Structure formats: structure tokens, C-alpha cells
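Spelled out from the first residue to the last, the chains are:
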Amino acid sequence: MIRIFALILKRDLAVLLLGRGQGSALLPILFFLAVAMLFPFAVGPEPRVLARAGGGVIWIAALLAAVLPLDRLIEPDLTLGAFDQWRLRGIAEEGIVALRMLAHWLAFAPPLMLAALPASALLGLPDHALARIELSLLAGTPGLAALGVTIAAVTAGLRGGAALAGLLTIPLAVPLLIFGAGSLAAGGDSGLALAAAASLMLIALGPFAGGAAIRAARG
Amino acid sequence: MQASPPRLLAQALACRRGERVLFAGLGLELGPGEALHVRGANGIGKSSLLRLLAGLARPEAGQVIRQGAIGLVDERPALDPHLPLGRALGFWAALDGGKSIAAAARLGLGELLDVPVRYLSSGQRKRAALARLITQPAMIWLLDEPLNGLDAAAADLAARLAAERCATGGICVIASHQPFALAGMATLDLAGFAP
């Protein structure tokens, strides 16, 4: 079973990192950087304002970037019939969804955390704030990945599923945003802990909700 | 794999799509070496019956008992369109512990292993799906319109593969509106079970 999961994870990673020839893992990261770059243009280059708001901007940019790849997470494999073939081989949808969450996080979070370096430079954030942001992203992105895959499973097979997925994800990600961005304020350790807790909860629920959604989509 | 002989049993099966009952009171029993041709007009529920037999859909009424692993070929080959055929088949072969190269050669796809799946014709894709099927250690084959897009030679080959599966103690259920050349095959006409 471990061999099978390793094979599926390897394939998932290849698909998510290199894309299916319709945009790769790089797009959300570029989008993230573009949002971080736009902010100083919009509010002006005042360093105090940027330093105060910059952490929150990075979190919002991360959240928006997380919405971009949603339609590539579950829908293509459902259309291809791959989920049916896995089912026939006795591989449960829950397992596939859990692996997809891991693969999505691996393809999405480390590049995002790397991109947070130039983004924080664009916003003129001090070093200690940058360390804080990286920690909060580490705590919050697993939850974003789990939520993304779950919503992608729920909306797979629906007409206009991609737009609906974004609309559903953003409000449900509000706790992650509050705790993640909140941890950047002074004495934000509890925010960090709560962001990690929200992540853990989404990771624990995601495979079951996503698996049930895929079985229901199959009809 | 050979622990217990394969068996496929359906009792009082009913299937509904939306508001419409497609068929009801359908029963069948298949044992080692047996084959069944499911016939009927378009939309009568051939594919739905196969999905019920595979356990991919829940019947409106009745039950399906299956002993043995199921292999399914339908209109979706489950091969990543952006990957070269060899690697797309290799993924499933690795999962199933089989050899994809030999299977691809058997289906006459040896020349196409470097071609991305999206550039294959529908007949070539169907052959690729059959190559995926023969690497899979499944004793029960469910083939949904296996001849669609296949030329005469490939259709002969598909029939031979099904005959081999039956000769080695397997079960084949073929849903097709076309004639399928398989000796000793029973026929089930779904029109007889429409409400």
C-alpha cells in the first residue's frame, strides 16, 4: 500500500508542478508577487504604512494565489476516469484526497514561502517581520491546501465549478487569514498556534469531506 | 489471485437516471470462463449496468455480488493527456505490478510510446485502454463499447483478448450495440428489462 501511495504521490506532484500543459505551479506564485508589487503603488510608498499593513497584504496575496489552481486539483482526474480506476483497484477516495492535499501543499507552499522573500522586500518589511511571516505561512498553508483540495472535490463536475470553488474557498479561509495575519502583530504567538490548529482541523476533515464529494459526483 | 474463482452475480437489479427508470428486475450470474454480451439501443442503460456491476454506482434496487478484481474499459482511458503514452501506461502498470511495454506492443502501440496521449486518435486511445486492462490482474472484465473507434484488425484483437481472458478462467461482460465475435457468449438484451 505504501508503494502504491508513493506512486500516486509522485504522479500528483508531477502533474501539479509541471502542469498538464495548461499552466504550471509557477502561475500562482507570479500572481502572489504581482499582488505584493501592486500594493505600494496603490497606497503609496510610505514606509510606516507599508510596514504596518505589509504582513496582511502578503497573507491576502497568498490566499488569492491559493484559489488559482483549484480547478486543476480534482476535476481533471474525475473527467479522465482515474478515480474510477483507483476505486476498482481498492484505493479509497479518502486516500487519494489526502495524497492530493500533500502534493498540493508541496507544490504550492514552499515556492510561496520563497516568494515571500522578494515580496517582503517589495513592501519594505523588516527582517523580524519576515521571519514571523514565514512562520505564519508554514502554520497556515497546510490548512489552505487542505481546504483547496476539499472545495475542489466538492465543486468538481459542476458547471462553473472553478468560479464556485473560489467563491467558497475565500470565506472558509477567513479563520486562517485572521489567525495567520494576526500572528504578525506584537505577541502573536497565540495567533500562530490558532492558525496551526485551524490547519490541523482542515487536514483532518478534508479527506473525508473530499472523498464523500467525489463518490457523490460519480453518481 | 487464483485463490477463489471469479464470480459475478446480480439480483433484481434496478437502475434509475434522474427521473427515469432504465431497467428493473435484472438478474445475471456469471462464473469462470463465461462471457455476456449486453445489447440494446443507445441510452437504454448498458453503461449504467456496467457501472453498477463494477460497484461504481449504487443500484436503485437489488444487489451485485462480485468475487475477483474488476477491470473496466469505458470511453475514458484514464491516461494523462499531456504525458507520453509510455509513461501514462507505465503509471497504471506500476500500480498493478505489470509490464506496460509488453502490453502496448501486444496492442500494436509500440511505435507510439513517445507520443503524448492527447495526440492519439480515438481508436489508438481505445487500444491504450485495452493495454492498461491487460496489465491489470483483473479476472472480471467489463468492456463498455470496446469496439468504438477500432479498425477491423484491432476489433479482432479485442475479441481475441476477451476470449483469452475467458479461456484462463475469467469473466467478460461486453456492452456494445455492435456484434462482438466471442464464441460461447450469452446475450442479454436490455430492452427486455425496460419498465
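Residues numbered from 1 in each chain as written. Chains lettered and ligands numbered in written order. Predicted model: local features only at pLDDT ≥ 70, side-chain atom pairs only at ≥ 80, totals over all residues. Heavy atoms only, no water.

1. Here's the deal with the state of the cysteines
Here is step 1: This structure, assessed with the given rule, holds zero disulfides over all chains.
Here is step 2: Here Cys172(B) stays free of any disulfide, with the sulfur of Cys166(B) as its closest cysteine sulfur at 3.8 Å. (Disulfide = S-S within 2.5 Å.)

2. Quick word on the packing of helix H1 (residues 2-18) of chain A against helix H6 (residues 93-122) of chain A
Residues and elements named next belong to chain A.
Here is step 1: In contact at an axis separation of 9 Å, H1 and H6 are set at 45° when each is read in the N-to-C sense. With respect to each other, H1 and H6 are oriented oblique. The handedness of the crossing between H1 and H6 is right-handed. Counting all contacts with H1, which are made through Phe5, Ile8, Leu9, Arg11, Asp12, Leu13, Leu16 and Leu17, the residues of H6 involved are Ile96, Leu99, Arg100, Leu102, Ala103, His104, Leu106 and Ala107.
Here is step 2: When the residues that make up the contact of H1 with H6 are grouped by side-chain class, the tally is 12 nonpolar, one polar and three charged. (Axes fitted to C-alpha atoms, helices over the stretch in contact; angles between N-to-C directions. Helix = DSSP H or I, 4+ residues; strand = E, 2+ residues; numbered from the N terminus. Parallel < 35°, antiparallel > 145°, perpendicular 65-115°, else oblique. Left-handed = near helix turned anticlockwise from the far one by under 90°. Contact = heavy atoms within 4.5 Å. Nonpolar A, V, L, I, M, F, W, Y, C, P; charged D, E, K, R; others polar.)

3. Quick notes on the domain arrangement of chain B
All names here are of chain B.
Here is step 1: Looking at chain B, the domain boundaries give domain 1 (1-69 + 138-195) and domain 2 (80-137).
Here is step 2: The C-alpha centroid of domain 2 is placed 23 Å from the C-alpha centroid of domain 1.
Here is step 3: Facing 17 residues of domain 1, the contacting portion of domain 2 comprises 11 residues.
Here is step 4: Overall, the association of domain 1 and domain 2 removes approximately 1100 Å² of surface from exposure, summing both partners, and the carbon and sulfur fraction of that is 66%.
Here is step 5: Inspection of the region where domain 1 meets domain 2 yields one salt bridge. (Domains from an automatic or database assignment. Buried area = accessible area lost by both parts, 1.4 Å probe. Salt bridge = Lys/Arg side-chain N within 4 Å of Asp/Glu carboxyl O.)

4. Side note on the side chain of Glu134(A)
All names here are of chain A.
Here is step 1: Among the structural elements, Glu134 can be located in helix H7 (residues 127-155).
Here is step 2: With no salt bridge to any partner, buried Glu134 finds its closest opposite charge in Arg132, at an N-O distance of 12 Å.
Here is step 3: With residues up to four places along the chain from it excluded, the contact list for Glu134 reads Met113, Ala116 and Leu117. (Buried < 20%, exposed > 50% of the residue type's maximum accessible area, 1.4 Å probe, protein only. Lys, Arg positive; Asp, Glu negative; His and termini not counted.)

5. Focus on unusual backbone geometry
Residues and elements named next belong to chain B.
Here is step 1: Look at Ala78: it is not a glycine, yet its phi comes out positive at around 60°.
Here is step 2: In this structure, Ala78 sits in the loop between strand E5 (70-73) and helix H2 (85-96).
Here is step 3: Overall, Ala78 belongs to the buried group, its relative accessible area being 4%.
Here is step 4: The phi angle at Glu145 is positive, at roughly 45°, despite the residue not being glycine.
Here is step 5: Among the secondary structure elements, Glu145 is positioned in the loop between strand E6 (140-144) and helix H5 (152-167).

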